[in-house]
Every structure is written in C-alpha cells, then in structure tokens.
Amino acid sequence: MNICNACRYCEGHCAVFPAMEMRLSFGAGDLAYLANLCHDCRACYQHCQYAPPHEFAVNLPRVLSEVRSLSYEDTAWPRAFGRLYRANGLAVGIITAIVLATFVTGAVVLADPAALWGVNRGVGSFYAVIPHNVMVVLFGAAFGLAMIALGVATVRFWRGMGAGVATSGENIGTGPCVAASARALHDAATLRYLDGGGDGCTYPGEAPSMARRWFHHLTAYGFLLCFAATCVATLYHYGLGIEAPYAVTSVPVVLGILGGIGLIVGPIGLLWLRHVADPVPADPGREGMDAAFIFLLLATSITGLALLALRETAAMGLLLTVHLGIVMGLFVTLPYGKFVHGFLRLAALARYAIEKKRGQAL
Ligand code: SF4
Ligand code: SF4
C-alpha cells in the first residue's frame, strides 16, 4: 500500500487509489475497505512497473483479494461460521450435497410415488410432490436467515471500516447518507469500476476487455430476474389465487426463462474467463469460493429450465426435487460464500461516495 500510495500511477483505474490517497496510514479497517472497493479488474497488475519479476513484487489484486476473504470471515454471523470461508469451495460443495441428498431422500420417503414418478399435469402437480406450505416454511426460513446473516455482516463491515469518526475529528455518521447510497447503488449496478479505467479489464490477459463485465451483468441480472419471477409467482399464489405451474407466456415464467438464460450464459462465460486467466494476480485461496458459487448458480438455472421443459413428463417429480434441493443449498450458503461480496462492496462504495463528497483527509 505504501509503495502504491507513493507511486500513484494507477489512480485513474478505479476507486481504490483515490481512496488510498486520502489516507496516510492503513489500519485493518482501511485495508478491508480498500479490499472491498477492488473489483479485481487487474489493470493495476498489468500496468505496474513494480510487479513480479521486479524485486518489489507488487501484486495488488492478489493482496486485496486475500484481505477481502479475511473481511468476509471476520464479519460472518454467527462468528463461528466464518471458518466456512476457509476451503470455501469444499464447504459449499459438502453443504449443498447434504441438502440435496436430504431433499431427494425426503421426497422418495414422504411423497406419493404416483406424484413423484408419474406423469402429472395441471394445477397443483408441483405441490403433490412437495406441499406448498412445506416449501414456504423451508425456503422462507432459509432466505430469512440468510438475509439476517448478510445484514449483520454488512453492519459489522461498516462499523469495522471506522465509518463513524474520521481521524480529522469530523463525524461522518453511522450510516450512509441517501445520496451516497444512491451513488453506490449506481456504481454497483453498472459495475463502474470493472472497466480498468475505461478500456476494460485486463482480464483474462493483458488486452483490455469488457467480457468480464458483461458476463457478470448477465449473471447478476439473471439472478435478479429469477428472484423477481419467484416474487411474482408468490403474488399470483396469494394475491390472485392462481397456483403453479404457470403458462409459458405468464409473467413469472417469462421472467424465469430470461433470468435462467442469463444465469447460464453469464456463469459459463465467467468460468471460461477464469480458466484462461493469468493465474499470477489471482488469489489461489479464493478459487474454490468463486467457482463453487458460479457452479451453484449454473446448477440452479439448468435444473430450473430443465424442469420447465420437462414438467409434463414423468421426470417432473425428480427434477422439481433436485431443483429445489439445489436452490436450498444456494440459500443456505448465501451468507457464507461469494454472494457476500455484493453486500460488502456496496457498503464500501457508499463509504467511498461519502469520502469523495466530503474530500476528507483521513
Ligand atoms: S500497482 Fe504499481 S504502478 Fe500501480 S500505483 Fe501501485 S506501485 Fe504504482
Ligand atoms: S485490480 Fe482493478 S479494481 Fe482492484 S485495485 Fe487494481 S485497478 Fe483497482
């Protein structure tokens, strides 16, 4: 950090460098803040005159990635679950496998064999396999707990950044102001800093490219569309009294199809970029975490679209069970994997918007 703060060659690449330049020293909270501002575009590695094989061996993307992982572990709720960030790919894989096996076993033991293995069409066919109330209780509880855990992690991170009082003595408040939140949301939604300063990331190699930004957009917005599909389906069920399965042309299914396609193309693109990327600026400790989350999203979308395509065949019962098992695995591991980066990055971007606005010398 001190080398970069003296050099400042990369200050046009992203928010990390201007935020760094507002500081004269770097405590743990500052490092966690800078690490979560970093989008890992790797421009500062490819453009660095002090990168390996130079004796300084400056490798900022890798160092910030390591600090980022530690910040996830430090802010986890409950605290003991922070250990899940170590060997995260293995942990997420094992948890998902257990959840999936439980769903399949539960369906085989408890469901009506005719509903599980037979051809069932029309209203209520899904709920003959797994009752609607069971789905609501299980997924409502898992999603609610995940949101609580992510909320606590974000608050801990915000407080850990030293967001309350600047070293100049000026109190900047305990929460982001509305304008800062709006700025942060805009920067996160557009991936403003995943462009290497304008030309694109130097990812997967030295040549600037917007590929990662587009694949990330497809993944993130695909996820949001699938979430929107679930919300609209819930409205159909409780508000309009219309039970699934819905017509292919209905709003929830159209949203689900569009989201599912995004969640296939985006993750495959991200996996391909990871496969061909220069490994030197990458943090080997993060590989499993990133890959596990991407594979989980991919499995969710593939099984969801397969269920849609085969919902009027004898495969529907098992496909529904497998899809819901994978979605439950995703929900359970949301606060203890890659998904947390969205929350902490948003908080870091809000902090940066506040600092930028006030032009503080921290
Ligand atoms: S990454 Fe290298 S070139 Fe960029 S500011 Fe740091 S030391 Fe300078
Ligand atoms: S990797 Fe990209 S986002 Fe991260 S510090 Fe370097 S230039 Fe900034």
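Further up the page is the structure itself.
What you are looking at is a predicted structure, and each value in this text was computed from that prediction instead of being measured. (Residues numbered from 1 in each chain as written. Chains lettered and ligands numbered in written order. Predicted model: local features only at pLDDT ≥ 70, side-chain atom pairs only at ≥ 80, totals over all residues. Heavy atoms only, no water.)

Caption draft 1: View of the side chain of Thr 219. Residue placement: Thr 219 occurs in helix H11 (residues 211-240). A distance of 2.8 Å separates the side chain of Thr 219 from the backbone oxygen of Phe 215, its partner in a polar contact. Once you skip the residues sitting within four places of it in the chain, Thr 219 turns out to touch Gly 262, Leu 263, Gly 266, Pro 267, Leu 270 and Leu 297. (Helix = DSSP H or I, 4+ residues; strand = E, 2+ residues; numbered from the N terminus. Polar contact = N/O pair within 3.5 Å; in protein donor to acceptor, adjacent residues only side chain to side chain. Contact = heavy atoms within 4.5 Å.)

Caption draft 2: Fine view of the site of ligand 1. Taken together, Ile 3, Cys 4, Cys 7, Arg 8, Tyr 9, Cys 10, Phe 17, Cys 44, Cys 48, Gln 49 and Tyr 50 make up all the residues around ligand 1. If you tally residues by element for the shell around ligand 1, the top one is helix H1 (residues 2-7), at three residues. Looking at the shell around ligand 1 residue by residue, the class counts come to nine nonpolar, one polar and one charged. (Near = heavy atom within 4 Å. Nonpolar A, V, L, I, M, F, W, Y, C, P; charged D, E, K, R; others polar.)

Caption draft 3: Representation of the site of ligand 2 within the structure. As a matter of local geometry, ligand 2 sits amid His 13, Cys 14, Val 16, Phe 17, Cys 38, His 39, Asp 40, Cys 41, Arg 42, Cys 44, Pro 61 and Leu 64. Sorting the residues of the shell around ligand 2 by element identifies helix H2 (16-21) and helix H5 (60-75) as the ones contributing at least two each. Classifying every residue of the shell around ligand 2 gives eight nonpolar, two polar and two charged.

Caption draft 4: Just the packing of aromatic side chains, in detail. For the coordinates displayed, the defined rule picks out 12 aromatic pairs. Ring geometry for Tyr 50 versus Phe 56: centroids 5.3 Å apart, planes at 40°, classification tilted. We classify Tyr 50 as partly exposed; its relative accessible area is 25%. Look at Phe 56 and you get partly exposed, because its relative accessible area is 44%. Arg 212 extends its terminal NZ or CZ atom over the ring of Tyr 203, reaching a point 4.3 Å from the ring centre. Directly above the ring of Tyr 33 sits Arg 351, whose terminal nitrogen or CZ lies 5.8 Å from the centroid. (Phe/Tyr/Trp six-rings, centres within 6.5 Å; stacked < 30°, edge-to-face > 60°. Buried < 20%, exposed > 50% of the residue type's maximum accessible area, 1.4 Å probe, protein only. Lys NZ or Arg CZ within 6 Å of the ring centre and 35° of its normal.)

Caption draft 5: Molecular detail of the nonpolar core. Within the largest apolar cluster, 82 residues are counted, with the highest numbers of intra-cluster contacts made by Val 16, Phe 17 and Leu 37. Look past the residues within four positions of Phe 17 in its chain and what remains in contact with it is Cys 4, Cys 10, Glu 11, Cys 44 and Leu 60. One finds Ala 43, Cys 201, Phe 215 and Ala 277 within the second-largest nonpolar core, a separate group that totals 13 residues. (Core = buried A, V, L, I, M, F, W, Y, C linked by side-chain atoms within 4.5 Å.)

Caption draft 6: Here's a closer look at the environment of Thr 105. With respect to the helices and strands, the residue Thr 105 is situated in helix H6 (residues 88-110). Accessibility expressed as a relative area gives 47% for Thr 105, which makes it partly exposed. In the structure, Thr 105 is positioned 199 residues away from Gly 304 in sequence and 20 Å away in space, judged by C-alpha atoms.

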